[in-house]
Amino acid sequence: MDNWVWAILLLIGAVGLGFLELFIPSGGVLAIVAVLALLGSVVFAFLQGMVFGLGLLLVVVVGVPFLVWYMLQIWQATPIGRRILLDPSEDPALQPNEVLERHKALLGKTGVAKSLMMPSGMIEIDGERFDAVSAGMPIDPGTPIRVVHVDGINLTVHPAYSDPKPITPPVSSVVTESPDHANIEDPFA
């Protein structure tokens, strides 16, 4: 057979293997063989002649991206494509979550600690109880609290009267000198 026949047959084979990849889950093996057939097609086209090779190369460079796009449009309607590509209207995990939305709305609201929070406990806001975590300090039951951070369903609270900024020690209590090491006995000596 002539080189141009091999070039055309390999091109048709590459397209066919690409379509098979859509319907047969091969883990990409069919796609790799299709790419190799496409490259072989171009090689045989150039062995036939420079003009035929450039013409087929132009068809491959322009046609393959369009063909891949078209195959992906078809693939979305296949059973495999529907399993892999999630449709937000059909997947309950992608739907807005009422609990998360309700927790987001609690940011900045005030309530009351219903249990001792060391650091987690129960709070009540607008007559509804929630699990919450205090931000690094124990909170006694009955203490007014404010929600300062919401991460999913995790609520972080501070006492409502406290400043949520970290407390820094006064300047006078900061140790500026190193201790005298000469007066410390070595317990291992």
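Values in this document were obtained by computation on a predicted structure and should not be read as measured data.

Pairing geometry for strand β3 (residues 128-134) and strand β5 (residues 154-159), over two bridges, is parallel. The residue of β5 that forms the bridge with V133 is T156. Sheet topology note: the strand β4 (residues 144-151)/β5 ladder contains six bridges and is antiparallel. Counterpart to V147 in the pairing with β5 is V157. Hairpin connection between β4 and β5: a loop of two residues separates the two successive antiparallel strands, and G152 in this loop has a positive phi of roughly 70 degrees.

Attention shifts here to the environment of I74. For I74, the location among the structural elements is in helix α3 (residues 50-75). For the pair I74 and F19, spaced 55 residues apart in the sequence, the C-alpha separation amounts to 9.5 Å. Ignoring any residue separated from it by four or fewer positions in sequence, one finds I74 in contact with F19 and F23.

Now for the layout of surface pockets. Considering only enclosed or pocket space, the largest pocket measures out at about 510 Å³ in volume. What lines the largest pocket is a set of 23 residues, among which G18, A31, A34, V68 and M71 lie closest to the centre. Within the residue set of the lining of the largest pocket, elements represented by two or more residues are α1 (3-23), α2 (29-48), α3 and α4 (79-84). Sorting elements by how many residues they give to the lining of the largest pocket places α3 first, with nine residues. In the lining of the largest pocket, the residues fall into 20 nonpolar, two polar and one charged.

Another point: the sheet that holds strand β1 (residues 110-113). Around the barrel, which closes on itself, the five strands sit in the order β1-β2-β3-β5-β4 with mixed pairing between neighbours. Ignoring which end each strand starts from, the neighbouring axes of this sheet average 55 degrees apart. Sheet topology places strand β2 (residues 120-125) next to β3; six bridges connect them, and they run antiparallel. Residue pairing in the sheet places I123 in a bridge with F130 of β3.

Turning our eyes to something else, we now look at the nonpolar core. Counting residues in each nonpolar core, the largest one holds 13 residues, and the members touching the most others are M117, I123, V147, L155 and V157. Only β2, β3, β4 and β5 provide two or more residues apiece to this core. Counting residues per element, this core draws most heavily on β4, at three residues.

Contact pair α2 / α3: the axes reach a minimum separation of 5 Å and the direction vectors enclose 155 degrees. Taken together, the axis directions place α2 and α3 in an arrangement best described as roughly antiparallel. Crossing handedness for the pair α2 and α3: right-handed. Contact with α2, carried on its side by L38, S41, V42, A45, F46 and Q48, involves M50, F52, G53, L54, L56, L57, V60 and V64 of α3 and no other residues of that element. Among the residues making up the contact of α2 with α3, the classes are represented as eleven nonpolar, three polar and no charged.

With respect to the secondary-structure elements, D140 resides in the loop between β3 and β4. D140 sits in the partly exposed class, given a relative accessible area of 48%. D140 has contacts with A113, S115 and L116, leaving out every residue within four places of it along the chain.

Conventions adopted
- Residues numbered from 1 in each chain as written.
- Predicted model: local features only at pLDDT ≥ 70, side-chain atom pairs only at ≥ 80, totals over all residues.
- Heavy atoms only, no water.
- Pairing = 2+ DSSP bridges.
- Helix = DSSP H or I, 4+ residues; strand = E, 2+ residues; numbered from the N terminus.
- Contact = heavy atoms within 4.5 Å.
- 1 Å grid on protein atoms, 1.4 Å probe; cavity = no way out; pocket = protein on both sides within 12 Å on 5 of 7 lines; lining within 4 Å.
- Points joined across faces, edges and corners; volume = space filled by probe spheres on them.
- Nonpolar A, V, L, I, M, F, W, Y, C, P; charged D, E, K, R; others polar.
- Axes fitted to C-alpha atoms, helices over the stretch in contact; angles between N-to-C directions.
- Core = buried A, V, L, I, M, F, W, Y, C linked by side-chain atoms within 4.5 Å.
- Buried < 20%, exposed > 50% of the residue type's maximum accessible area, 1.4 Å probe, protein only.
- Parallel < 35°, antiparallel > 145°, perpendicular 65-115°, else oblique.
- Left-handed = near helix turned anticlockwise from the far one by under 90°.

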